[in-house]
Amino acid sequence: MARNANAGAGGKCRAKGILALAILALALGFAGHVRADDQLQAMWARLEPMRMIFQQTEADLNRSGLREEDLAGMRNVIEPLRAELRGRIEEIEPRYAETESRLKELGPAPGKDAPPEDAKVAASRNELAALLSEIDGTLRQTRLLALRADQIADRIDRRRRAIYTERLFERSDSVLDPTLWISAVKALPGEGRALATLLSDWKDHATARAGYGSIAAALLTIVAVIGGILFLRRMIRQRTDGRPAAPEAAPPTRLRTVCVALRDAALDAAAIPLAALAAIEILSAFDLLPLRMRDITDGLIAAILLLSVGRALGRAVLAPGVRRRRLPAIDDEAADRLYRLASGAVVVVGFAAFLNVMHRALAAPLALTVVTSALMALAIVALLVRTLVSAHRAMAAGAEDGLPHWIRLPAWIVVATIAVALATGYVGFAAFVAGRLVNAAIVFGTLYLFLVLVEAFFAESLVPESPRRRGVAATLGLRTKNLELGAILLSGLLRALLIVVAIFLVVGTWGTSVVDIVSTLDRVTFDIEIGRTKILLVDVLAAVAMLFIGLVITRIIQGWIAQIVLPRTDLEPGLQNSIATIVGYIGAIIAGSLALGRLGLNLENVALVAGALSVGIGFGLQSIVSNFVSGLILLTERMIRVGDTIVVKGEEGVVRRISVRATEIETFERSTVLVPNSDLITGVVKNWTRMNTTGRIVVPVGVSYDADPDRVRDILFAAAGNLPQVLKTPAPRVLFVRFGDSALEFELRCVVDDVRQALNVKSDLHFAILRQFREAGIEIPYPQREVRVRDDSTENPIEIRKPSRNKPASGDV
């Protein structure tokens, strides 16, 4: 304890010394800036105190026994100087570029044999050269100090991570070892005596400094303030609720529900911590709180804040017992189960955190701290197991379990990790995982609330054909469709921003330990060297994870653009598909580039690999590369688009999808044909709908020689004109094609609005023509055929004629 106290005192003294140097540096920099008229001289005067601070910090970093607080103090001193140096560099670089440009404009000095130049030009060149040299020197020194500051900051971070890792992976007795529990039980009386001493000292301090009258006044003030805070919370809730709804009233909208949930979460999360903080500040104002109690009161406020925020979020999201105000679509039993898990977890973590603060303040033995962390981890494991088992029973009974299917396996993995860590003696790591799990749950609960708020706001505030939507569109001068598209894009950006912030908040609490674990694994894993490139197994795993996450994010963004954003634009379906496909390609390329960068492969290495694979691509992968390039050509030139009706290699159908290798065509028989993209580029393709969907159909008709051609023409015109699918412009045409062997042959030619309905239109025309022919008494003749059969027993052949429709069969032989 004495060594720790001395180390802490020494660290505080060193931190104060560095802070004093920082203040001196600021003063000298300001003074230099005031005295000197030239900006460069002020910068030079500012750089020297910074150099002194960096030297002192580097000397302190070389010492042993530094604590987390000492390193945090050094970092707080270094960070403002780093920011100032970056600002100085950004300030000097434009001036350097301007001076260099002006010097280049004057050109080089004339040679010995050249005629002399004007003395003013030479003086200007010399002045600019001297100024450029001075600016360059200042810029180089500033960059050097900025690099030094970055290196010092990295050293501080490495020392902090090393301390944190050592503390995190410090091994103690296993929870299965009775020695741990016996040591904790033996240490309890000592901590009890220390707590009694602390409370006695607090009482003596309060009575000696203020007296019983001040204590009574402080208590009355605390009660009044807490009552006022609770009354204010109730009043705000009543004012915002309005009149109570009738039982037969319609349920509240989604936006109203989430707004009420956010209000309740904010009020419940802030009321109790504010009351506790106010009570502590009142005690301090009456001088009733000794300095030794400040750490305990800070821990108490932190525990109360964690408990209040966790329970408030649970009530706001799950609304146990009030189904109409519940955000997720789960039943009462599942909501109660999840709420018990959330509230129990925050109670356990908050209570354990306060106990650990008490242990530090009372200088309790290490066994008590270890047991407290072990009990917290065991309680979290018990709550998780109970919830998972209850969810499994509910699912087996056919009820809602309230847990997404994808979260069950990770939950069991977390349970197993904590249990194994506790059994093997890594109690600190188990407590770390349990505590960060609760923190992550709180962050993601808040994220869920805000995501629902964004979704409900844009879904209900801009309802199609609503007065609010028309008013907003008129105010902004936009069409309602464009307003809807802008709202969707804005909501997507807000959701992405919220998700990124939540991820940073969660990773920020895990980041230090993750880096430490990775660095630890680097020391025990093997590496592979390919030329000058060194690839670690951890880098390979990280690259694979980065590629997988990048592809998943790409698919999510691609689906969002294809299914939500693009359908609300005026773009045709083929162009929408092209844009969505190209977005997918770009996302895949970015994900692959990030993965290669994680492996340390730069463009030069990739070029070498591509050169080594060029022979294989030339022979074995030629068709794949050809189809890939052809697919890109199809997507960019858009000669064939999704939704076009085409004929290629005897197959006719509708283009459904253009992928990397092939194009998917759905025939009219509802079968799928995959055509390589290169065949669509190099072969002959008939596209019925390239420019438009109109198309010509031809209906051949034969009538008997006894029919009136003019009457036939009128019937054909009438049949085409009665169908709405037949365009009036260009008008239908009836052609008398020729005199056939057994009929007068006509053709009805007309243009339909959708060539994909040509068969249906033809069928309707056939029905109409046949019906009107029968009504008009016009016959469609059978074809006549003459067959000669030679009989060798006679000299004359026998002629047999097939009768026609309009001639009797008798006498034809």
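Residues numbered from 1 in each chain as written. Predicted model: local features only at pLDDT ≥ 70, side-chain atom pairs only at ≥ 80, totals over all residues. Heavy atoms only, no water.

## Digging into the overall build of the chain
Across its full length, the chain carries 22 helices and twelve strands. Across the 813 residues that make up the chain, the buried fraction comes to 36%. In the chain, of all internal contacts separated by at least 6 residues, the share reaching a separation of at least 24 is 70%. Put simply, the chain shows about 47900 Å² of open surface, and 62% of that area lies on carbon and sulfur atoms. (Helix = DSSP H or I, 4+ residues; strand = E, 2+ residues; numbered from the N terminus. Buried < 20%, exposed > 50% of the residue type's maximum accessible area, 1.4 Å probe, protein only. Contact = heavy atoms within 4.5 Å. Areas by Shrake-Rupley, 256 points an atom, 1.4 Å probe, with all protein chains shown as cover.)

## Description of unusual backbone geometry
Residue Pro730 is reached from Thr729 by a cis peptide bond, and omega for that bond is -5°. Relative to the helices and strands, Pro730 is located in the loop between helix H21 (709-721) and strand S9 (733-739). For Asp287, which is not glycine, the phi torsion reads 60° and is therefore positive. When you line up the elements, Asp287 lands in the loop between helix H7 (254-285) and helix H8 (294-318).

## Overview of the sheet that holds strand S3 (residues 645-648)
With antiparallel pairing, the five strands of this open sheet are ordered in space as S6-S5-S4-S3-S7. Looking at which strands have only one partner, the edges of the open sheet turn out to be strand S6 (672-676) and strand S7 (685-687). On average, each strand axis in the sheet is inclined to that of its neighbour by 40°, with strand direction left out of account. Relative to S7, S3 runs antiparallel, the two being bridged by three bridges. (Pairing = 2+ DSSP bridges. Axes fitted to C-alpha atoms, helices over the stretch in contact; angles between N-to-C directions.)

## Comments concerning the packing of aromatic side chains
In this structure the tally under the stated criterion is four aromatic pairs. When the ring of Phe457 is compared with that of Phe458, the centres are 5.2 Å apart and the planes differ by 85°; the resulting orientation is edge-to-face. Among the residues examined, Phe457 registers a relative accessible area of 42% and is labelled partly exposed. Given a relative accessible area of 15%, Phe458 falls into the buried group. Joined through ring pairs, the aromatic side chains of Phe736, Phe739 and Phe746 make up one cluster. (Phe/Tyr/Trp six-rings, centres within 6.5 Å; stacked < 30°, edge-to-face > 60°.)

## Quick look at empty space enclosed by the protein
The final tally for this structure, using the stated rule, is one cavity of 30 Å³ or more. Per-element accounting of the lining of the largest cavity gives the leading share, four residues, to helix H10 (residues 366-396). Here the lining of the largest cavity is built from residues that sort into two nonpolar, two polar and three charged. (1 Å grid on protein atoms, 1.4 Å probe; cavity = no way out; pocket = protein on both sides within 12 Å on 5 of 7 lines; lining within 4 Å. Points joined across faces, edges and corners; volume = space filled by probe spheres on them. Nonpolar A, V, L, I, M, F, W, Y, C, P; charged D, E, K, R; others polar.)

## Notes on H21
Across its 13 residues, H21 extends 18 Å between first and last C-alpha, which sits within 8% of the 18 Å expected from 1.5 Å per residue. Regarding H21, the residues found buried are Val712, Ile715, Leu716, Ala719 and Ala720. Viewed end-on, H21 has its buried residues packed into an arc of 130°, placing them on one side of the element. Packing partners of the buried residues in H21 comprise strand S8 (695-703), S9, strand S10 (744-752) and helix H22 (758-776). (Expected span 1.5 Å × (residues − 1). Arc of directions from axis to C-beta.)

## Describing the sheet that holds S8
Taken in spatial order, the three strands of this open sheet run S8-S10-S9, and their pairing is antiparallel. Of all strands in the sheet, those with a lone pairing partner are S8 and S9, marking the two edges. Geometrically, the sheet is characterised by an average inter-axis angle of 25° between neighbouring strands, direction not taken into account. Where S9 lies against S10, six bridges are found, and the strand directions are antiparallel. Bridging across to S10, Phe739 finds its partner in Leu744. In this fold H21 packs onto S8, S9 and S10, with an angle of close to 20° to the strand it touches most, S10. Docked against the sheet, H22 engages S8 and S10, running at close to 25° with respect to S8.

## With respect to the pattern of salt bridges
Under the definition given, this model contains 27 salt bridges. The partner of Arg82 in a salt bridge is Asp150, and the shortest N-O contact between them spans 2.9 Å. Taken together, the residues span a long stretch of sequence, with Arg82 in helix H3 (residues 68-106) and Asp150 in helix H4 (residues 119-168) at a distance of 68 residues. With a relative accessible area of 28%, Asp150 lands in the partly exposed category. A salt bridge links Arg738 to Glu745; the shortest N-O distance between them is 3.0 Å. The class of Arg738 is partly exposed, set by a relative accessible area of 46%. One connected set of salt bridges, linked through shared partners, spans Arg233, Arg237, Arg263, Asp264, Asp268, Arg315 and Arg325. (Salt bridge = Lys/Arg side-chain N within 4 Å of Asp/Glu carboxyl O.)

## What to know about the packing of H8 against helix H9 (residues 332-361)
As a packed pair, H8 and H9 sit with axes 9 Å apart at the nearest point and diverge in direction by 175°. Relative to H9, the element H8 is oriented roughly antiparallel. For the pair H8 and H9, the contacting residues are Asp295, Ile296, Gly299, Leu300, Ala303, Leu306, Leu307, Gly310, Arg311, Gly314, Arg315 and Leu318 in the first and Ala335, Leu338, Tyr339, Ser343, Val346, Val347, Val349, Gly350, Phe354, Val357, Met358 and Ala361 in the second. (Parallel < 35°, antiparallel > 145°, perpendicular 65-115°, else oblique.)

## Here we look at the confidence of the model for the chain
For the chain, per-residue confidence averages 79 on the pLDDT scale, and 81% of positions sit at 70 or higher. Predicted confidence is poor over residues 510-526, with pLDDT under 50, and the contacts of this stretch with residues over four places away or in other chains come to 24 contacts. (pLDDT = per-residue confidence, 0-100.)

## A few points about the packing of helix H6 (residues 212-241) against H7
When two helices pack together, you describe them by how their axes are tilted relative to each other and by the distance separating the axes. Relative to each other, H6 and H7 sit at 170°, their axes nearing to 9 Å. With respect to each other, H6 and H7 are oriented roughly antiparallel. Classifying every residue of the contact of H6 with H7 gives 16 nonpolar, two polar and seven charged.

## Some details on the nonpolar core
The biggest cluster of nonpolar side chains holds 58 residues, and the ones touching the most others in it are Val258, Leu318, Ile380, Ile418, Leu422, Val438 and Leu449. Breaking this core down by element, the ones donating at least two residues are H4, helix H5 (178-209), H7, H8, H9, H10, helix H11 (405-424) and helix H12 (427-461). With residues up to four places along the chain from it excluded, the contact list for Val258 reads Leu327, Leu449, Val452, Leu453 and Ala456. Residues Ile715, Val734, Phe746 and Val761 belong to the second largest nonpolar core, which totals 25 residues. (Core = buried A, V, L, I, M, F, W, Y, C linked by side-chain atoms within 4.5 Å.)

## Re the pairing of strand S5 (residues 662-667)
The element S5 is largely enclosed, with a buried count of five among its six residues. Pairing of strand S4 (residues 651-658) with S5, which is carried by five bridges, proceeds in the antiparallel orientation. For Ile658, the partnering residue across the bridge sits in S5 and is Thr663. As paired strands, S5 and S6 are joined by five bridges and run antiparallel to one another. Looking at the pairing, Glu664 lines up with Leu674 of S6. With antiparallel pairing between neighbouring strands as the criterion, S5 and S6 make up a hairpin whose turn holds four residues, including Arg670 at a positive phi of roughly 65°.

## Quick word on the environment of Val685
As for its placement among the helices and strands, Val685 is situated in strand S7. We classify Val685 as partly exposed; its relative accessible area is 25%. Residues Val685 and Lys649 lie 36 residues apart in sequence; the distance between their C-alpha atoms is 7.9 Å. Sequence-distant contacts of Val685, defined by excluding residues within four places in its chain, comprise Ile640, Ile646, Val647, Val648 and Leu680.

## What about the environment of Phe351?
Within the fold, Phe351 resides in helix H9. Counting along the chain gives 44 residues from Phe351 to Leu307, while the straight-line C-alpha distance between them is 8.7 Å.

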